[in-house]
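Overview (structure and organization)
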Amino acid sequence: MRLRSLESRVVTLFISLLLGLQLVGYAFIDRAIDNNARKAIEGSLAINEKIFTHLLDQNAQKLVEGATLLSKDYAFRQAIGTNDTQTMVSALLNHGDRIKADLTMLVGLDGKIIVASSDTLAHGFQKTVDKLIKDATLNGNASSTDIVNGTPYQMVMVPVKAPVTISWVAMAIPIDQGLVNDMRELSMMQISLFTSKNNGPWQPNVSTLDVDEQKKLASLLPPHVATSTFIGDLTIGDDRYSERILPVAMNDKSTTIAVLQLSISHAIAPYKQLQRNLLILTIIGGIAASIFSAITARRITGPVRQLADTARRLGTGDYKVAIDIQRKDEIGDLASSFSNMRDAIALREKEISRLAYWDTLTTLPNRALFTEMLDEAIEQAKSRANSCFVLMMDLDRFKHVNDVMGHRFGDLLLKQVALRLSAELGAGNTKPARLGGDEFAILLPATNADQAQVLANKILESLEKPISIEDQTVDISAGIGIAGYPEHASDTASLLSHTEVAMYVAKQAKNGPVVYSPAIDKSSQQSLSLLTDMRIALEQNHFQLYVQPKVSLNSNEVIAVETLVRWVHPDKGMVFPDQFIPFAEQTGFIRQLTRWVMNAAAACCKDWSQAGIDIKISVNISTRDLLDQELPQKFADILRAHDVNPTSFCLEITESAIMDDPVRAHQTLDKLHAMGMELSIDDFGTGYSSLAYLKRLPVDELKIDKSFVLKMEQDIDDTKIVKSTIDLGHNMGLRVVAEGIENAEVMALLKELGCDQAQGYFISRPMPASKMPAWLAEWKTKQAPETAV
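Residues numbered from 1 in each chain as written. Predicted model: local features only at pLDDT ≥ 70, side-chain atom pairs only at ≥ 80, totals over all residues. Heavy atoms only, no water.

**Considering the sheet that holds strand β6 (residues 190-197)**
Note the following rule: Only strands that DSSP links by at least two bridges are regarded as paired with each other. By the criteria applied, helices consist of DSSP H or I runs no shorter than four residues and strands consist of E runs no shorter than two, each listed in order from the N terminus. To get an axis, a line is fitted to the C-alpha atoms, and for a helix only the part in contact is used. The angle between two axes follows their N-to-C directions and goes from 0 to 180 degrees.
The strand order across the open sheet formed by five strands is β7-β6-β10-β9-β8, and the pairing between neighbours is antiparallel. The open sheet has two edge strands with one neighbour each: β7 (203-207) and β8 (229-236). Sheet twist, expressed as the average angle between the axes of neighbouring strands with direction ignored, equals 30 degrees. Where β8 and strand β9 (residues 239-250) come together, six bridges link them in antiparallel fashion.

Take a look at the structure:
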């Protein structure tokens, strides 16, 4: 049990930490020593490689000087001229002995050896002679290494001139034990030369190692060495080495390499004593830490036990417990902190409860508290065999208020709505709550559906009164959904879900509160299915572009077409626009559909232009399209892709689409008009737009809604409206188009009233865009006799 006490743990911890740190430090130092030694060795080997190469270069330079001295000897050149072989051999031997060259020879301009100090050795250098002559011809002299009879040699070649080159002098010396001994004295490293014949095993040539070590090293070397190679760790005998291997000489049959070695063990030996001293310090430190930690632990554990008992009492909710520890050290601070913590926890619990269950903006219950209240109401309804209902309300156009007036103004509006709700509901069992955003809920325990609807209508009536905030007056409305237990759901989650579904239906219908019914859910599922089908239709090209011609009333000439979209469903057949366009506008899918129509229209424009058909194409754009500030760039990209002119297009916009957000709509229309596209106000006369505002828009055309045109020959009021609209459009400098012409009488009347263009079933029903050229040819044929008459 003593081993489980805090005191024993403190002692154990102190000792463990000290020993752990020392062991980690010991291992780290050992690792660092090894790494640093290896890096130092690798750097030394790189330097020694340069020294070795420099020694070889010095030997080569010595040979060049000796050969050059011989080539300039007058008697030697005279002997060459008189072909005095005995004199030439004597000169070669004398000069070769002077610089300790194994081979000295005279080579003709044709590369054949004329005389040599050793004919046998000279024969082995024939290929090297040919190469050196080529290099010396370019550079004045040349040097190289070669392997003859398993021994590496350095060889140089210099010209004999009188004054032009009459022959060549070559000298060769072996890379022997003297060179590696010199290298050993300069660098204190081991150096060995190995030769491999016909890709066979490495055989030692000269080395500073003993014979056994040479054989061991030869067996560990890689079979092929093409470039300088570093090997970090090789064990030979009782020692470990880092090595650098570099090629020295190479020909068709043999390869000679030099192996430079430095001992790792020797490099790290000076640091081993440091590690031993560190180990001794670790042992002494461990003993001292044990004594110190035992004393410290005793000073800590007593007060800590007292505080532990206090903490247990705080855990039970006893925040009045006294903490009586009078010390001026950290334990005293801890005791004081416990006291402060006790007071803070009590306050924080109260605040947490408020934040968890109450909305900070409106001080109404939030979703969590409302859910608990609804749980309790349902349980009471079960026990008393009655019902309870929930109203869920979402404000209309609240996002627009936030965007235009700012989030601070939106927060103030929510507060006012909360106050109005609370005032309308009054005190009692009716419980309003804010679920989030602009969504509110009201719990109606022990209430039936009729009472819930009456209250919902009263709330909507109260919201009809404008709200004044900071000298701004805001008109608001809302959609309210209603659902109840047990009629519509048997649990809280389902009841809230069904109420929300009813609320969204109410927002869309804008016709008062909506009570949940299973048919609404089915409609929601159908809507989701419809959206999925539309996406598939766009991907698989199930939509078709239709067009309806527009005719000039003065000339009967077809001057434009309006594009329409039809959906050929693989299972349901033809789906007409009124079955999917409104839903596409609600969901935002209309933006993708508009881009598809514009792309298809641009393709038709290109094809018709190439066929000599020059007519303007009208494309309808929706409210959501107008609010897309990137729409002009998207249209520009489409027109550029099809290489068509923006002036070939007219964009039709309804009054209501413009008035949903006049500022953003105006910005978008200005950009589109600046591109060269014409703009038309569609269904003119059915909206609530201001003529003063319309006058500021960059529009070119008014389209009179078909509701005024269809029966205008029978209704004098419709005729007056159409006449006024035509005059208004002309006075504003706009072209006027009437749609919905279904008989000759209406068409003649429109022409008499001064209307510019006509569109309707009397002229042509909408047709696939692909059939437009044929229809146009037929129309021109029909009009030709009339024109002639």
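Once the structure has been displayed, the description carries forward.
**Section: the packing of aromatic side chains**
Convention followed: In summary, the pairing rule links any two rings of Phe, Tyr or Trp, Trp by its six-membered ring, whose centres are within 6.5 Å, and it sorts them by plane angle into stacked for under 30 degrees, edge-to-face for over 60 and tilted for everything else. Each residue's exposure class comes from its accessible area (1.4 Å probe, protein chains only) as a fraction of the maximum for that residue type: buried when under 20%, exposed when over 50%, partly exposed otherwise. Only Lys NZ and Arg CZ are tested; either one counts as a charge over a ring when it is within 6 Å of the ring centre and within 35 degrees of the ring normal.
The tally for this structure, following the rule as stated, stands at six aromatic pairs. Ring centres of F543 and W596 lie 6.0 Å apart, and the angle between their planes is 55 degrees; this geometry places the pair in the tilted category. Taken together, the residues span a long stretch of sequence, with F543 in strand β18 (residues 543-552) and W596 in helix α17 (residues 590-610) at a distance of 53 residues. For F543, a relative accessible area of 3% puts it in the buried group. An aromatic cluster of at least three residues, connected via ring pairs, comprises F543, W567, F580 and W596. The ring of Y546 is capped by R566, whose NZ or CZ atom sits 5.4 Å from the centre of that ring.

**Here's the deal with the side chain of Q548**
Worth spelling out the cut-off: Polar contacts, as counted here, are pairs of nitrogen or oxygen atoms within 3.5 Å of one another; within protein the pair requires one atom able to donate a hydrogen and one able to accept it, and residues that are adjacent in sequence qualify only if both atoms are side-chain atoms. Residue contacts are counted whenever heavy atoms from the two residues lie within 4.5 Å of one another.
Residue position: Q548 is located in strand β18. Owing to a relative accessible area of 8%, Q548 belongs among the buried residues under this scheme. A polar atom in the side chain of Q548 sits 3.0 Å from the side chain of Q759. Residues contacting Q548, with those up to four places away along its chain left out, are A560, V561, E562, L564, Q759, G760, Y761, S764, R765 and P766.

**Observations concerning the pattern of salt bridges**
Two side chains carrying opposite charge are able to pair once their charged atoms lie near each other. So the rule is basically this: What makes a salt bridge here is a side-chain nitrogen of Lys or Arg within 4 Å of a carboxyl oxygen of Asp or Glu, nothing more.
On inspection of all chains with the given rule, the structure shows 23 salt bridges. Notably, a salt bridge pairs R244 with E49, separated by 3.5 Å at the nearest N-O pair. Separated by 195 residues along the polypeptide, R244 in strand β9 and E49 in helix α1 (residues 6-71) bring together distant segments of the chain. D233 is the salt-bridge partner of R240, the closest N and O atoms lying 3.2 Å from each other. Classification of D233 by relative accessible area gives partly exposed; the value is 36%.

**A closer look at the pairing of strand β16 (residues 478-485)**
Inclusion rule: Classification remark: right-handed applies to a crossover when, strands pointing away from the viewer, the course from the first strand over the helix to the second runs clockwise.
Counting buried positions over the eight residues of β16 gives eight, a clear majority of the element. Burial along β16 is two-sided: A478, I480, I482 and G484 and G479, G481, A483 and Y485, pointing in opposite directions, are all buried. When β16 meets strand β17 (residues 514-515), the two strands line up parallel, connected through two bridges. Its bridge partner being in β17, G481 is matched across the sheet by V514. For the crossover from β16 across helix α14 (residues 492-509) to β17, the handedness is left-handed.

**As for the nonpolar core**
For clarity, the threshold we go by: Buried Ala, Val, Leu, Ile, Met, Phe, Trp, Tyr and Cys residues form a nonpolar core when they are joined through side-chain atoms within 4.5 Å.
In this structure, F580, W608, F649, L750 and M772 are the most contacted members of the largest nonpolar core, which totals 81 residues. A total of 11 residues in this core trace back to one element, the largest contributor, which is α17. By size, the runner-up hydrophobic cluster in this structure holds 31 residues, among which are L413, L414, L421 and L425.

**Comments concerning helix α10 (residues 367-384)**
Put simply, the rule reads: To estimate the expected span of a helix, count its residues, drop one, and scale the result by 1.5 Å.
A rise of 1.5 Å per residue sets the reference length of α10, with its 18 residues, at 26 Å; its end C-alpha atoms lie 25 Å apart and thus fit the reference within 8%. Burial in α10 covers these residues: L369, F370, M373, L374, A377, I378 and A381. If you follow the buried residues of α10, they end up packed against α9 (330-357), β11 (388-395), β12 (431-436), β13 (439-445), β16 and α14. N-cap assignment for α10: the residue whose side-chain oxygen lies 3.2 Å from the backbone N of A368 is N366. In the segment just after α10, A385 is the residue with positive phi, at about 60 degrees.

**Considering the sheet that holds β16**
Pairing between the strands of a sheet is mediated by backbone hydrogen bonds and can be parallel or antiparallel. The mixed open sheet is built from five strands, whose spatial order is β12-β13-β11-β16-β17. Two strands lie at the open edges of the sheet, namely β12 and β17, each paired on one side alone. Note that β12 and β13 share five bridges and pair antiparallel. Each residue of the ladder has a partner; that of P432, found in β13, is I442. Lying over the sheet, α14 contacts β11, β13, β16 and β17, oriented at roughly 150 degrees with respect to β16.

**A short note on the side chain of S618**
With respect to the helices and strands, S618 occurs in strand β21 (residues 616-620). For S618, a relative accessible area of 1% corresponds to the buried category. Among the polar contacts made by the side chain of S618, one reaches the side chain of E652 at a distance of 3.5 Å. The residues touching S618, leaving out its near neighbours within four places in the chain, are K550, V561, E562, T563, C650 and E652.

Purely geometric numbers; function is a separate question.
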